[in-house]
Amino acid sequence: MRTIDVGSSDKTIKRKVRVAVKERNLSVDVLRGIGILLVVSGHASSGSSMNVFAPYSFHMPLFFFISGLFFSDSKVDGVLSTIVKNTKSLLLYSTAFYIFYAGVCWVITRLGFTAFSQPFSLELIFLNQFTTSGAYRFTAAYWFIPCLFFVKLYFSLIHVRLISLIKSRREGLVSLSFLAAYMAIAFAAVVYSVEMYEQKGVQLDKIIYYRFAFALFFFYLGSIVSKYKVQRIFSNIFVLAVLYIVQQQLWASAGNLDFWMQVSKYQATYLPVISSVLAIAFFYGLSDIAARNKSFSVVLGYVGENSLPIVLHHIFGFFLINALLCVFGVIKPSDVINQYYQFDTVHTWPFYIIGGVLFSLVFDRYAVRPLMNAFKNMELLSALKRPQ
């Protein structure tokens, strides 16, 4: 909160008005920027050399953690307003671009990219994102958005009411008790997921439930970390070194820490939770250090601010690189067998990462935002024309 002077064109008197100025937490933007670059690098098949902190060993729990940083269980919101707010901020985007990429797939299939053939279906457009997503290939990363939607609804509508029922002066103990409960649920989700794959009875509805249960812990962990302001503890160089060494030992003993939250597939019953917590703590501290450097903070902060467009469009950015290679005769459309195809991956993966990120940023800034602003202006004009 700070005080500013507000002048008037008709009066010479200035009055001081206290206004709430909500400043962005730059370190969180940097953390989000690091996270989304790890997501893109994982999809670009470049994370295999990052053994200790391989993207698939923690990157999706990291984003639930980041979302949790902005949640407070001290405020109880209305049911309808909460649903509407989260639908507008999350599901509206994913559904709109499901429709867009359904059309894109129809077009490019007729240009020879037959691997992207998929019938235009209302069921796929409106329901596929709630399961494994990717029916229209370029939407493969969209599963995260509905999952986050349900996690936020749970905490905003159920968790806060549970907290309000518990009248205790020991607020910290209550928070730790809930955190422990959500951690137990996360471990249980992993155990049941492992059993599901071992029994070869994979079911989409179970994947949805287990994925949701796994995410609850990381979202609430973010809320607790934000509430008690412990970031500076992890930004200590000694603490970062310890976290790295412990994670390295986990990797050395397990051989591979990767898991696939999208399909709720885990290679061990305890490592996914532990490796994710260690990696989140490491990068949470590292982001605080990076935010103090102007160059890092500007670049990573900007990428972090625009992480949603990158989630929505980076895979199509990969495809555009392949399309250009087809134009120049380097490859044929039939060579592009899926949305992750890369020509000469060993040497070209940096170009796919850069292309995926840059296309997302440019497309959002010069196509999506102007269109959204046009709709908003139309709504405003319509509202002004209505009789009072």
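These figures come from a predicted structure and were not determined experimentally. (Residues numbered from 1 in each chain as written. Predicted model: local features only at pLDDT ≥ 70, side-chain atom pairs only at ≥ 80, totals over all residues. Heavy atoms only, no water.)

Q: Hey, could you run me through the overall build of the protein in this one?
A: Secondary structure assignment for the protein yields 13 helices and two strands. Per-residue burial for the protein yields a buried fraction of 47% across its 388 residues. Taking as baseline every contact in the protein between residues at least 6 positions apart, the subset at least 24 positions apart corresponds to 75%. When the accessible surface of the protein is summed, it comes to about 20,800 Å², and 64% of that surface belongs to carbon and sulfur atoms. (Helix = DSSP H or I, 4+ residues; strand = E, 2+ residues; numbered from the N terminus. Buried < 20%, exposed > 50% of the residue type's maximum accessible area, 1.4 Å probe, protein only. Contact = heavy atoms within 4.5 Å. Areas by Shrake-Rupley, 256 points an atom, 1.4 Å probe, with all protein chains shown as cover.)

Q: Sorry, what's going on with the pattern of salt bridges here?
A: Side chains carrying opposite charge are able to pair once their charged atoms draw close together. The full count for this structure, using the stated rule, is six salt bridges. The shortest N-O distance in the salt bridge between Asp-77 and Lys-75 comes to 3.8 Å. Taking the shortest distance from any N to any O, the salt bridge between Arg-292 and Asp-288 comes out at 2.7 Å. (Salt bridge = Lys/Arg side-chain N within 4 Å of Asp/Glu carboxyl O.)

Q: Where do I start with unusual backbone geometry in this structure?
A: At Ser-133, a residue that is not glycine, the phi angle is positive and equals roughly 60 degrees. Within the secondary structure, Ser-133 sits in the loop between α4 (122-127) and α5 (144-165). Classification of Ser-133 as buried rests on a relative accessible area of 8%. Unlike most non-glycine residues, Lys-200 shows phi in positive territory, near 55 degrees.

Q: In this structure, what is going on with a nonpolar patch on the surface? I would like to understand it.
A: Residues Ile-99, Phe-120, Leu-122, Phe-126 and Leu-127 make up a contiguous nonpolar surface patch of about 520 Å² in total accessible area. Broken down by element, the nonpolar patch gets its largest block of residues, three residues, from α4. Examined against the element boundaries, Phe-120 turns out to sit in the loop between α3 (79-109) and α4. The class for Phe-120 is exposed, based on a relative accessible area of 55%. (Patch = residues over 30% accessible without salt bridge, like charges linked within 9 Å, V, L, I, M, F, W, Y side chains within 5 Å.)

Q: Explanation requested: the environment of Gly-33 in the structure shown.
A: Inspection of the secondary structure puts Gly-33 in helix α1 (residues 26-43). Between the alpha carbons of Gly-33 and Tyr-302 there is a distance of 7.4 Å; along the sequence they are 269 residues apart. In contact with Gly-33, other than residues within four places in its own chain, are Leu-300, Val-303 and Gly-304.

Q: Just to check I follow, could you spell out the side chain of Ser-133 for this structure?
A: For Ser-133, the side chain forms a polar contact with the main-chain oxygen of Thr-139, separated by 3.4 Å. Engagement of the side chain of Ser-133 in a polar contact is seen with the side chain of Gln-262, the distance being 3.5 Å. (Polar contact = N/O pair within 3.5 Å; in protein donor to acceptor, adjacent residues only side chain to side chain.)

Q: Sorry, what's going on with α1 here?
A: Residues three or four positions apart in an α-helix share a direction because the helix packs 3.6 residues into each turn. In this model α1 runs 26 Å from its N-terminal to its C-terminal C-alpha over 18 residues, within 8% of the 26 Å that 1.5 Å per residue would give. With respect to burial, α1 is a largely interior element, 16 of its 18 residues being buried. Immediately downstream of α1, the backbone of Ser-45 shows phi near 60 degrees, a positive value. (Expected span 1.5 Å × (residues − 1).)

Q: What is the right way to read the packing of α1 against helix α2 (residues 59-68) from this model?
A: For any two helices packed against each other, one specifies the crossing angle of their axes together with the interaxial distance. The interhelical angle for the contact between α1 and α2, taken along N-to-C directions, is 155 degrees, at an axis separation of 9 Å. Relative to α2, the element α1 is oriented roughly antiparallel. Between α1 and α2 lies a crossing whose hand is left-handed. Facing α1, whose interface residues are Val-28, Leu-31, Arg-32, Gly-35, Ile-36, Leu-38 and Val-39, α2 presents His-59, Met-60, Leu-62, Phe-63, Phe-65 and Ile-66. Taken together, the residues of the contact of α1 with α2 break down into ten nonpolar, two polar and one charged. (Axes fitted to C-alpha atoms, helices over the stretch in contact; angles between N-to-C directions. Parallel < 35°, antiparallel > 145°, perpendicular 65-115°, else oblique. Left-handed = near helix turned anticlockwise from the far one by under 90°. Nonpolar A, V, L, I, M, F, W, Y, C, P; charged D, E, K, R; others polar.)

Q: Can you walk me through the confidence of the model for the protein in this structure?
A: Low pLDDT marks regions whose predicted coordinates should not be analysed in detail. Mean pLDDT for the protein: 88, with 90% of residues reaching 70 or above. Predicted confidence for residues 1-22 stays below pLDDT 50, and this span has 21 contacts to residues more than four positions away or in other chains. (pLDDT = per-residue confidence, 0-100.)

Q: Looking at this structure, I do not really get the packing of α2 against helix α7 (residues 204-228). What am I missing?
A: One can describe the packing of α2 onto α7 by two numbers: an axis separation of 6 Å at closest approach and a directional angle of 45 degrees. One way to sum up the angle between α2 and α7 is to call them oblique. Crossing hand, α2 versus α7: right-handed. Residues Pro-61, Phe-64, Phe-65, Ser-67 and Gly-68 of α2 form the contact with α7, whose own contacting residues are Phe-214, Ala-215, Phe-218, Phe-219, Leu-221, Gly-222, Ser-223 and Val-225. The residue inventory of the contact of α2 with α7, partitioned by class, reads nine nonpolar, four polar and no charged.

Q: Mind showing me how you'd approach the environment of Glu-305 here?
A: Position of Glu-305 relative to the elements: it lies in helix α11 (residues 294-305). You can call Glu-305 partly exposed: its relative accessible area is 46%. For the pair Glu-305 and Val-28, spaced 277 residues apart in sequence, the C-alpha separation works out to 9.3 Å.

Q: Sorry if this is basic, but what is going on with the packing of aromatic side chains here?
A: Working definition: an aromatic ring pair is given by the centre-to-centre distance plus the angle between the planes. As enumerated under the stated definition, the model contains 45 aromatic pairs in all. Each ring, one from Phe-53 and one from Phe-283, has its centre 5.3 Å from the other, and the planes form 75 degrees; the classification is edge-to-face. Highlighted residues: Phe-53 in the loop between α1 and α2 and Phe-283 in helix α10 (residues 271-290), separated in sequence by 230 residues. With a relative accessible area of 7%, Phe-53 lands in the buried category. Given the relative accessible area of 9%, Phe-283 is considered buried. (Phe/Tyr/Trp six-rings, centres within 6.5 Å; stacked < 30°, edge-to-face > 60°.)

Q: Looking at this model, I keep getting lost on the environment of Ile-66. Mind explaining?
A: Locating Ile-66 in the fold gives a position in helix α2. Once the C-alpha coordinates of Ile-66 and Gly-222 are considered, the two residues, 156 residues apart in sequence, prove to be 6.1 Å apart. Excluding its chain neighbours within four sequence positions, the residues that come into contact with Ile-66 are Val-28, Leu-31 and Arg-32.

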